[in-house]
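# Structure assessment
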Amino acid sequence: MIALTDQDLLFPPEANSRSLARALYAGVKDLPIVSPHGHTDPRWYALNEPFPDPAQLLIVPDHYIFRMLFSQGVRLEELGVPALDGAPVETDGRAIWRRFAEHYYLFRGTPTRLWLDHVLEHLFGIEAPLDASTADRHYDAIAAQLSQDDYRPRALFERFNIEVIATTEGALDDLKWHRMIRDSGWKGRVVTAYRPDAVVDPDFEGFAANLDRLGEITGCHTGNWAGYLEAHRQRRAYFREFGATSTDHGHPTAETANLSGAAAEELFNRIRRGSEDERERRLFRAQMLTEMAKMSLDDGLVLQIHPGSWRNHSPSIFQRFGRYKGFDIPTKTDYVTALKPLLDAVGLERDLTIILFTLDETSYARELAPLAGVYPALKLGPAWWFHDSPEGMRRFREMTTETAGFYNTVGFNDDTRAFPSIPARHDVARRVDCAFLARLVAEHRLREEEAHELAAELAYTLAKKAYRL
């Protein structure tokens, strides 16, 4: 953990640039955290119960961790990952932790190592490196602290200096945990985001039943196109009651369509009857991105598009353990052609915000930066998922700034299920951005006072503005 205690972590090796990066970082390191997109569990903040044990907090819910261990032969059952069929898995937190500690060396050089070391040192006061010999000692130290009131979720939320955090809920969620948070009187700001994948993607498991359930919840007739769209409008309005400022769409591609009303209705009818035609199913997903953008123009919700992941690449793991088990793999993604129907419809709207993410870095300079650099509705999300790393963040700035600038980007979001890692992730992003700005000043491409202003924008202001928080 020496690297994380070093004041110059991720700063330039050249002395003058390093000194400037330090000064820039000093001005932003203590700014509040705005976490506008993520997947932490709202029940944590609603119930405010102690986290059960170190393994359940740091290992079991984190696919960054167990995908790496699985790649080296550790079974998911050994890491306590629940099986869908209720088959037995390891439930002893200490045993899971020991197995993790024995394999901690696998994370050398990865962003996961940076985040975890930061958590161990800055949250739990641990100084000795984690390995098999220190596993039990560290487990006991963390477990003892987790039993204390100041390590409950709300206390950590405040300790992390989180100003606002967005969770992500499906269209069919009743948002009971958000209601409980609101009714509790606690001042922490936890908002939701509308994720309608289960009722817009015909390939989502249980799609037909999901549409039926959507109709039951809203009282709309989801057997026809008009009723289906109205059901979405009602659910979006319901989510807005619980603070939602954005929607989130995890489509396989960025493909969009803008069919006539009659053609869209005909397509919906075929999909509703259970079309097996892959082209029709793909076209429906494409049409629904444009429909969601049109609704955002009406209700003000920011539209996030997260394309390009081959979800659940291993069918056997998906069947046994379900979604989000580390088997989502990046694919090549087209944006220029794919987004054109949507952009023809709403891309010039100044009051609409569409945030684009990618897992295909080859699209940064070629497609995404030129698109965001001219269409008023478009903004670029930060380096995401597999590229949420120091190198990924540097590449993002290098390949997008020259064409899109800084102000067509939206700052940083951590997109995480791992609550304790949020401060570490934001710290890494702030350090990398300060290093990049210091380089621009050293190359006489930016004045120092501009760099200080930009450092605060990238760390805090842009995210608040883009997500309307």
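Going by what an unreviewed UniProt entry lists, the chain is known as Uronate isomerase and is assigned to Mesorhizobium album. What the UniProt record of the chain gives under Pathway (unreviewed entry) is the line "Carbohydrate metabolism; pentose and glucuronate interconversion." Under the Sequence similarities (unreviewed entry) heading, UniProt states for the chain: "Belongs to the metallo-dependent hydrolases superfamily. Uronate isomerase family."

This next bit is on the overall build of the chain. Helices and strands together make up the secondary structure of the chain, namely 21 helices and 11 strands. In terms of C-alpha radius of gyration, the chain reaches 23 Å, essentially the compact-globule figure of 23 Å for 469 residues. Principal axes of the C-alpha set define a box for the chain whose edges measure 65 × 60 × 45 Å. Burial status across the chain gives 58% buried among its 469 residues. Restricting to contacts in the chain with at least 6 residues of sequence separation, those with at least 24 account for 76%. Split by element, the accessible area of the chain, about 19,500 Å² in all, is 50% carbon and sulfur. With 56 positive and 69 negative side-chain charges, the chain shows a separation of 1 Å between the mean positions of the two kinds.

Attention now goes to helix α13 (residues 225-241). End to end, α13 covers 25 Å across 17 residues, agreeing with the expected 24 Å (1.5 Å per residue, within 8%). Those residues of α13 not exposed but buried are Trp 225, Gly 227, Tyr 228, Leu 229, Ala 231, His 232, Arg 235, Arg 236, Tyr 238 and Phe 239. The residue sitting at the N-terminus of α13 and contributing the capping side-chain oxygen is Asn 224; that oxygen lies 3.4 Å from the backbone nitrogen of Ala 226. Of the residues one or two after α13, Gly 243 is the one with positive phi, at around 90 degrees.

Another point: the side chain of Thr 110. Examined against the element boundaries, Thr 110 turns out to sit in the loop between α6 (93-102) and α7 (111-123). At 2.6 Å, the side chain of Thr 110 and the backbone oxygen of Phe 107 are in polar contact.

Judged by pairing direction, the sheet is parallel, and its three strands sit side by side in the order β1-β2-β4 without closing on themselves. Edge positions in the open sheet fall to β1 (33-35) and β4 (190-191), since each of these has one partner strand only. As paired strands, β1 and strand β2 (residues 162-166) are joined by three bridges and run parallel to one another. Within the sheet, the bridge partner assigned to Val 34 lies in β2 and is Val 164. On the sheet, helix α20 (residues 422-442) packs against β1 and β2 and is oriented at approximately 105 degrees with respect to β1.

Turning to the side chain of His 251, a few remarks are in order. Considering the arrangement of structural elements, one finds His 251 in the loop between β6 (246-249) and α14 (261-272). On the accessibility criterion, His 251 (6% relative accessible area) is buried. Not counting residues within four places of it along the chain, the set of residues in contact with His 251 comprises Val 200, Arg 285, Leu 289, His 306, Pro 307 and Gly 308.

This next bit is on helix α19 (residues 390-404). Between its terminal C-alpha atoms α19 stretches 20 Å, which fits the 21 Å expected from 15 residues at 1.5 Å a residue. Burial in α19 covers these residues: Pro 390, Gly 392, Met 393, Phe 396, Arg 397, Thr 400, Thr 401 and Ala 404. Backbone geometry just after α19 places Gly 405 at a positive phi near 70 degrees.

With that out of the way, let us pick up the nonpolar core. Residues Trp 225, Tyr 228, Phe 284, Met 288, Leu 339 and Ile 354 are the most contacted members of the largest nonpolar core, which totals 77 residues. Ignoring any residue separated from it by four or fewer positions in sequence, one finds Leu 339 in contact with Ala 254, Thr 256, Ile 305, Leu 356 and Leu 371. Residues Phe 51, Leu 69, Trp 186 and Ile 422 belong to the second largest nonpolar core, which totals 49 residues.

Before going further, it helps to spend a moment on the pairing of β2. Counting buried residues along β2, four of its five residues qualify, which places the element largely inside the surrounding structure. Pairing between β2 and β4: two bridges, direction parallel. Note that in β4 the partner of Ala 166 across the bridge is Val 191.

What follows concerns the packing of aromatic side chains. Scanning all chains against the criterion turns up 30 aromatic pairs. Ring centres 6.1 Å apart and planes at 35 degrees place the aromatic pair Phe 268 and Phe 284 in the tilted group. In this pair, Phe 268 sits in helix α14 while Phe 284 sits in helix α15 (residues 278-299), placing the two residues 16 residues apart along the sequence. By the burial criterion, Phe 268 is buried, and Phe 284 matches it.

Considering only enclosed or pocket space, the second largest pocket measures out at about 570 Å³ in volume. Elements represented by at least two residues in the lining of the second largest pocket include exactly α2 (15-28), α7 and α20. Top contributing element to the lining of the second largest pocket by residue count: α20, with six residues. Classifying every residue of the lining of the second largest pocket gives 13 nonpolar, five polar and seven charged.

Per the counting criterion, the structure on display carries 42 salt bridges. We note a salt bridge from Glu 78 to Arg 99, for which the minimum N-O separation is 3.7 Å. A residue pair is termed long-range when its members are at least 10 positions apart, and Glu 78 in the loop between α5 (63-71) and α6 and Arg 99 in helix α6 qualify at 21 residues. Where Arg 431 meets Asp 427, a salt bridge forms, and the shortest distance between an N and an O atom there is 3.0 Å. Residue Arg 431 and its partner Asp 427 are located together in helix α20, separated by four residues, close to a single helical turn. A single salt-bridge network, built from bridges that share partners, covers Asp 201, Asp 203, Glu 278, Arg 281 and Arg 285.

Take unusual backbone geometry next. A positive phi is found at Tyr 324, a non-glycine position, where the angle reads about 60 degrees. In this fold, Tyr 324 is placed in the loop between α16 (315-321) and β9 (329-330). Classification of Tyr 324 by relative accessible area gives partly exposed; the value is 33%. Backbone geometry at His 444 places phi at a positive 60 degrees, although glycine is not the residue there. Residue position: His 444 is located in the loop between α20 and α21 (448-466). We classify His 444 as exposed; its relative accessible area is 74%.

Rules used throughout
Residues numbered from 1 in each chain as written. Predicted model: local features only at pLDDT ≥ 70, side-chain atom pairs only at ≥ 80, totals over all residues. Heavy atoms only, no water. UniProt positions renumbered as here; feature names shortened; annotations may be inferred. Helix = DSSP H or I, 4+ residues; strand = E, 2+ residues; numbered from the N terminus. Rg over C-alpha atoms; globule rule 2.2 N^0.38 Å. Buried < 20%, exposed > 50% of the residue type's maximum accessible area, 1.4 Å probe, protein only. Contact = heavy atoms within 4.5 Å. Areas by Shrake-Rupley, 256 points an atom, 1.4 Å probe, with all protein chains shown as cover. Lys, Arg positive; Asp, Glu negative; His and termini not counted. Charge placed at Lys NZ, Arg CZ, Asp CG, Glu CD. Expected span 1.5 Å × (residues − 1). Polar contact = N/O pair within 3.5 Å; in protein donor to acceptor, adjacent residues only side chain to side chain. Pairing = 2+ DSSP bridges. Axes fitted to C-alpha atoms, helices over the stretch in contact; angles between N-to-C directions. Core = buried A, V, L, I, M, F, W, Y, C linked by side-chain atoms within 4.5 Å. Phe/Tyr/Trp six-rings, centres within 6.5 Å; stacked < 30°, edge-to-face > 60°. 1 Å grid on protein atoms, 1.4 Å probe; cavity = no way out; pocket = protein on both sides within 12 Å on 5 of 7 lines; lining within 4 Å. Points joined across faces, edges and corners; volume = space filled by probe spheres on them. Nonpolar A, V, L, I, M, F, W, Y, C, P; charged D, E, K, R; others polar. Salt bridge = Lys/Arg side-chain N within 4 Å of Asp/Glu carboxyl O.

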